[in-house]
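So the chains spell out like this:
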Amino acid sequence: MSIKHQFRRSFASIAAAAAASDFPSLSSSTRTYYLNYPCLLSACKHLCHLLQIHAQIIVSGFNHHPSTTHLINLYSFFHKCDLARSVFDSTPDPPRILWNSMIRAYTRSKQHNEALEMYFCMVEKGLEPDKYTFTFVLKACTGSLKLQQGILIHEEIARRGLECDPFIGTGLVDMYSKMGDLKSARVVFDKIPERDVVAWNAMIAGLSQSEDPCEAVDFFRSMQLAGVEPSSVSLLNLFPGICKLSNIELCRSIHGYVFRRDFGSAVSNGLIDLYSKCGDVDVARKVFDQMAGRDDVSWGTMMAGYAHNGCFVEVIELFDNMKLGNMKINKVSAVSGFLAASELRDLEKGREIHDCAVQQMIDSDVLVATPLMVMYAKCGKTEKAKQLFWGLQGKDLVAWSAIIAALVQTGYPEEAFSLFREMQNKNLKPNGVTLKSILPACAELSLLKLGKSIHCFTIKDDMDSDLPTRTALVSMYAKCGFFTAALTIFSRMSSRDIVTWNALINGYTQIGDPYNAIEMFYKLRLSAVNPDSGTMVGVVPACALLNDLDQGTCIHGLIVKLGFESDCHVKNTLIDMYAKCGSFPSAEFLFNKTNFTKDEVSWNIIIAAYMQHGHSKEAISAFHQMRLENFHPNSVTFVSVLPAAAYLAALREGMAFHACIIRMGFLSNTLVGNSLIDMYAKCGQLDYSEKFFNEMGHKDTVSWNAMLSGYAVHGHVDRAIGLFSLMQESQVQTDSVSFVSVLSACRHAGLVEEGRRIFHSMSDKYHIRPDLEHYACMVDLLGRAGLFDETLDFIKGMPLEPDAGLWGALLGSCRMHSNVKLAEVALDRLVKLEPRNPAHFVVLSSIYAQSGRWADAGKARSKMNDLGLKKTPGCSWVELKNKVHAFRAGDKSHPQLESMHSLWNTLLEKMEKMGYVPDRSCVLQNVEEEDKEVFLYSHSERLAITFALLNTQPESTIQIVKNLRVCADCHTTTKFISKITSRRIIVRDVTRFHHFEDGICSCNDYW
C-alpha cells in the first residue's frame, strides 16, 4: 500500500512562513546550542514560534527523533496535519513512535480515514504495532464508524495478547459501545482485569444510547459497588440514558448524589439539560439560578431546555439577560434563540440574535446558519432565507432538509419542490429527513403521483421501514384523500405511535370525513396508545363538521381529564368548535379565560366566530384589541376581519385595514386581495374594487368571482356579463359561484333571455351541474318578470328537491306582482322547511296588505305571534367620522331627533310639491291612513338619511346600509331627496345596492 502525500508542504515554505512572521528570530546562542531544541519545543505555545524553531532546526541540520516526534505532536496540537505529515515524510525510515504520532495526529484532527491508512501502511512496511498504536487506531475506527475494520484490528489485538490491557480494552469497549454492539463491548469489558473509571464510563455511555437505558443506571450502581468512584464524565455519560427514560424521580436521585459532591459546572449544566429533557424545566431553572459560576455553556443549555419545552418567550428573556450581562452567545444559545424567534414569528428579535452571531463569527457555521435561515423563512422573509441558504458554505443534508421543511410549513410548497429538484441536480441523495420534509408538500399541492414516486424511492433505498417515514407517508396519502394506501401502510406497521394515529384522524378531518375521524379516535382509545394534544386538535374539528355539540362537549371533558386544556392549539380548536356548533357564549368564555395564553390563531378564530354569529362590530373591536396586546395580524386575520367592515359598510375601517395590509406586506396575498375586492364592493366603492382587481398580480377564480359579485350587487349587468366573457377568454376556470354571480346580475336587471342562455350553458358547455342556488336565481329571474307559469314548470322539472331559498325567491316575486294565490303556496312550503323563520310570514302579510286584504294580513301576523316569532326590526346605519350611527324604525332616542324631524318636514313639504304621494300599502298594520304615514316617516333609512344630511358636507355622498329590503315608499322618497338636495345617496339593502342621483335610482325601479 502506497502512502498518499496529501497536503505536503516543502520545508522551503515552512522557512518562508517563519521569515514572514512578526516574531523576532531566535538568538544566535539559540541557533548554536541546538541541543536546547527539545526544551524550546516543549515550551512552545504559539504556531508562529513553532514555525521559527522548525526553520532553525532545518537550517542547523539538527536530526533527532525525539525532536521530530515533538514537531509532529505540536503540529497536531495546532491542527496542522499537513505540516506534521511533511515532517514525517522527510524522516528516512521513521520509527514506530513517529508512525504512532502521525496516526494520533490524524485521529486528533478527526481525519480518521487517513489515520487508518497510516496504520495499514505501517503494518505493510513490517513495523510491529504496540499498545499505543492500537489505542490510537481504535479511536480512528470509532470516529469513522468502520466496525468491520475495528473487528479486524480487534482480532490482531487478541492475537498479540493485548486484549486485557486497560488502555486497549477501554478503547475496544468505547468502539463497540459507540457502534451499538453492546454485546461485544460487554465481553471485552469483562476481560479487563483492572477496570478503571474510564472503562466503566465507556460502558455507561454505550448503554445510555441503547434501547434499554435502564442497564446504564444499573451499571452506574455496579460501578460504585465495585469500589470505583464515578467521575463527572460518568454522570455526563449517564444523563442521556435518564433522558430517554424521562424518569423525574431518577433525576432527583442523581441530583441528590451530585449535590453531596462537588462535580463542577459541567455536571450542573448536565443537570439543567437532564431536567429540561425530562419535562421539569422549572427545576432546571432553579439549578441554573443557584449555579455560582455560570458560563456561556450554562446559558446555552438553559436556553436549549426552554426551547425543548416550547417556552420560547423564556428563551428570548434569557437572551436579553445575556446581553445585559455582556455574556457572549455560543452556537447552542444562538440556535435556541433562532428557534424561539421563528416560533414566535419575532423577526426583530431574530435579527438581533443574528447580529450577535455575526459579532461572534459563528453565523457561517452550518449548525447556526441552518436555524437562522429557517427563522427568516418562518417570519415571512423567504427571499432572505434563500439568500442565506445559497450563500452557506458546506451545505449538508440537514441544511437542505431544513430549508425545504421551512418553505413547506410557511406555505411555499412550490419553492420547496424547486429546491428539492435542485438538490437532486447536485447529485445529493436525499435521506429520510429530507423525504419527510418534502412529503407534506405533496399533500399540500395534492400531488399524489409525486408522493407515490417518493414512496417508491423510500422502498428502493430501504428507508420505508422506520416509523417516522411511514407516518409521513400515511399523512401524505391521507391528506391527498387516498385512504386505501394510507390504511394499507397503517395496518402493516408493526408498531404505531400517537403521531401515526393522529395522521389518519387529521387526514379524515381535513377532507371533511368526520365520521371516520371519530371512529379512528375511538379505535385509538381502545389501543394501548394514549392520545396527545395533537389527537384532540384533529378530533375536535370533526365534531364541528358534524355540528355535534354533545360529542364536542364530551371530548372537551376528556381533554380536561387528560390535562390538555392548557395547550393553546387544543383551546383554539375548542373555541372554534363551540362557535361553529352554535354555542358562542361557551366559545367567548374559553377565549376570555384569564389563564389562556393566546396566539395569533386564537384571535383569528374569535374574530371569525364574531362574524359567523353576526357580531361585526365586536369582530373589529377584537382586531384592535389583538393589536393592543402586541399580536401581529397575519393574512388569515385580515381575511377574517375584512368581511366585518364589508357587512357594516365601514369604509374608513376597511381602508385602515387596507393600509395595515400594505405595511405588513400582505398585499400580494391572493386571499387577502380577494377580501379587499369584496370589501370595497360592499362598502359601495366599486371603482376601488375594479382598480384593485386590475392591479392584482395573481388572480384566481375567487378573484374573478368577487368582482363578478360586486358588479351583480351594484346592478351593473353589462359589466358583469362582460367580465364573465373575459373570464372565459382568459381561460380562467369558471365554477358554480361564477354562475351564481352572473345569474344574480341578470335577475337584478330582468335579463330573462340572457339568464336562460347562461343557465343552460352551465351543463351544456361547461359541464357544471346546477345546484339549488342556481335554480333559485332562475326562479327569482322568471318570477320578477311575471312569468309564473314558466316558473312553476321550471320548479316541477327540477332534478333536485326545492329548498327554502328557492321558495323564498318565489315568495319575493309574488310580492312584486301581488300574486296572493302563488304566495300562499310558497309560504305553505316554507313553513314546512323553515318553521322558525318570521320573514316568510312578514312577506305574505305584506302581499295581503298590498291587496287590501287586511284581515288576512292580520291573520298572518297573528300566526307568527302564536308561533312565538318576532319580525326582525328594520335597522339602518351610516358611518360618519369613523363612527357607525345606527337607527331603528320608530327610534325616538337620538339626541338630534328634533333637528332630524324638522329637516324631514322641510323635505316632505318640498316632495309633496313635486308630486310625492305616500305608498300606504307599505305599512302592514291595519290603522288609519294618517297613522300609516307616521309609520312610513319613521322608517330607519329615513332617520339615517336625515341624520347624514345634518352632519355631512353639502356635496358629499351619503351611504346608508339597511338590514332588510328597502320598501317601495322609502325607495321613492330617497329618489326625491337626492333630487332636492343634489346629493348622491347610496343605499345597500339586504339584496343589492341602490345608487340614487338627481332623482333616479340605478336599479331603474326594478328590485
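Refer to the structure above for everything that follows.
If you're wondering where the values come from, they're calculated on a predicted model, not measured in any experiment.

**Re the packing of helix H9 (residues 131-144) against helix H11 (residues 166-178)**
Here H9 crosses H11 at 10°, and the two axes come no closer than 9 Å. The angle between the axes of H9 and H11 places the two elements in the roughly parallel class. Here Lys131, Phe134, Thr135, Leu138, Cys141 and Thr142 of H9 come into contact with H11, specifically with Phe167, Ile168, Gly171, Leu172, Asp174, Met175 and Lys178. Of the residues belonging to the contact of H9 with H11, the class tally is seven nonpolar, three polar and three charged.

**Section: unusual backbone geometry**
Phi at Asp93 is positive, roughly 45°, even though this residue is not glycine. Tracing the backbone shows Asp93 in the loop between helix H6 (81-89) and helix H7 (96-108). Residue class for Asp93 comes out exposed when judged on its relative accessible area of 74%. Of note, the phi angle at Arg345 is positive, near 55°, even though the residue is not glycine. Residue Arg345 is classed as partly exposed on the basis of its relative accessible area of 39%.

**Some points on H9**
Since the α-helix packs 3.6 residues into each turn, any two residues three or four apart lie on the same face. Spanning 14 residues, H9 covers 20 Å between terminal C-alpha atoms, matching the ideal 20 Å at 1.5 Å per step. Burial in H9 covers these residues: Thr133, Phe134, Thr135, Phe136, Val137, Leu138, Ala140, Cys141 and Thr142. Contacts from the buried residues of H9 go to H7, helix H8 (112-124), helix H10 (147-159) and H11. The backbone nitrogen of Tyr132 has a side-chain oxygen 3.1 Å away, supplied by the residue at the start of H9, namely Asp130. Once H9 ends, the next one or two residues include Leu145, with phi positive near 55°.

**Section: the pairing of strand E5 (residues 993-997)**
Burial analysis of E5 places four of its five residues in the buried class, the great majority of the element. Sheet analysis places strand E4 (residues 985-988) next to E5, joined by four bridges and oriented antiparallel. By the bridge assignment for E5, Arg988 is matched with Phe993. With antiparallel pairing between neighbouring strands as the criterion, E4 and E5 make up a hairpin whose turn holds four residues. Alignment of E5 against strand E6 (residues 1000-1001), held across two bridges, turns out to be antiparallel. By the bridge assignment for E6, Phe996 is matched with Cys1001. In sequence, E5 turns back onto E6 through a hairpin of two residues, with Asp998 there showing a positive phi of about 55°.

**Quick look at helix H30 (residues 483-492)**
Considered for burial, the residues of H30 that qualify are Phe483, Ala485, Ala486, Ile489 and Phe490. One side of H30 carries all its buried residues, which in axial view fall inside an arc of 160°. Set apart from the buried face of H30 by more than 90 degrees, the exposed residues are Thr484 and Arg492. Looking at the buried side of H30, the elements it contacts are helix H28 (448-460), helix H29 (467-479) and helix H31 (498-510).

**Some thoughts on the nonpolar core**
Ile153, Leu235, Met536 and Leu810 are the most contacted members of the largest nonpolar core, which has 280 residues in total. Looking at which element gives the most residues to this core, the answer is helix H23 (residues 366-378), with nine residues. Contact partners of Leu810, with chain neighbours within four places excluded, come to Val779, Phe788, Thr791, Ile795, Leu822 and Ala826.

**Regarding the state of the cysteines**
Throughout the structure, instances matching the rule amount to zero disulfides. Of the cysteine sulfurs around Cys81, a residue in no disulfide, the closest is that of Cys121, at 16 Å. As a non-bridged cysteine, Cys214 has Cys278 as the owner of its nearest cysteine sulfur, 12 Å distant.

**Some points on the pairing of strand E1 (residues 875-880)**
For E1, the tally of buried residues reaches six of six residues, placing the bulk of the element in the interior. The alternating pattern of E1 places Cys875, Trp877 and Glu879 and Ser876, Val878 and Leu880 on opposite faces, both of which are buried. Bridge count for E1 against strand E2 (residues 883-888) is six bridges, and the pairing is antiparallel. Bridging from a neighbouring strand, Trp877 pairs with Ala886 of E2. Where E1 lies against strand E3 (residues 958-962), two bridges are found, and the strand directions are antiparallel. Bridge pairing in E3 places Ser876 opposite Lys962.

**Looking at the side chain of Thr142**
Along the chain, the position of Thr142 falls in helix H9. Residues in contact with Thr142, not counting those within four places in the same chain, are Asp174, Met175, Lys178 and Met179.

**Focus on the environment of Phe263**
You can see Phe263 is positioned in the loop between helix H16 (248-259) and helix H17 (265-277). For Phe263 and Val233, which are 30 residues apart along the polypeptide, the C-alpha to C-alpha distance reads 9.6 Å. Once residues lying within four places of it in the same chain are set aside, the contact partners of Phe263 are Pro230, Ser231, Ser232, Leu235, Tyr257 and Val258.

**Considerations on the packing of aromatic side chains**
Counting across every chain of the model gives 32 aromatic pairs. Relative to Tyr257, the ring of Phe220 has its centre 5.7 Å away and its plane inclined at 75°; by these criteria the two rings are edge-to-face. With Phe220 in helix H14 (residues 214-225) and Tyr257 in helix H16, the pair connects residues that are 37 residues apart, well separated along the chain. Judged by relative accessible area, which is 7%, Tyr257 ranks as buried. Linked through ring pairs, Phe623, Phe638, Phe657 and Phe666 together constitute an aromatic cluster.

**Description of the pattern of salt bridges**
Following the criterion strictly, the structure yields 41 salt bridges and no others. Note that Lys131 and Asp165 form a salt bridge whose closest N and O atoms lie 3.9 Å from each other. Placement of Lys131 in helix H9 and of Asp165 in the loop between H10 and H11 is noted, with a sequence separation of 34 residues between them. For Glu790, the salt bridge is made with Arg756, and the minimal N-O distance between the two is 2.6 Å. Remark: Arg756 occurs in helix H46 (residues 752-764) and Glu790 occurs in helix H48 (residues 788-796); sequence separation between them is 34 residues. Connected via shared salt-bridge partners are Glu128, Glu156, Arg159 and Arg160.

About the cut-offs
- Residues numbered from 1 in each chain as written.
- Predicted model: local features only at pLDDT ≥ 70, side-chain atom pairs only at ≥ 80, totals over all residues.
- Heavy atoms only, no water.
- Axes fitted to C-alpha atoms, helices over the stretch in contact; angles between N-to-C directions.
- Helix = DSSP H or I, 4+ residues; strand = E, 2+ residues; numbered from the N terminus.
- Parallel < 35°, antiparallel > 145°, perpendicular 65-115°, else oblique.
- Contact = heavy atoms within 4.5 Å.
- Nonpolar A, V, L, I, M, F, W, Y, C, P; charged D, E, K, R; others polar.
- Buried < 20%, exposed > 50% of the residue type's maximum accessible area, 1.4 Å probe, protein only.
- Expected span 1.5 Å × (residues − 1).
- Polar contact = N/O pair within 3.5 Å; in protein donor to acceptor, adjacent residues only side chain to side chain.
- Pairing = 2+ DSSP bridges.
- Arc of directions from axis to C-beta.
- Core = buried A, V, L, I, M, F, W, Y, C linked by side-chain atoms within 4.5 Å.
- Disulfide = S-S within 2.5 Å.
- Phe/Tyr/Trp six-rings, centres within 6.5 Å; stacked < 30°, edge-to-face > 60°.
- Salt bridge = Lys/Arg side-chain N within 4 Å of Asp/Glu carboxyl O.

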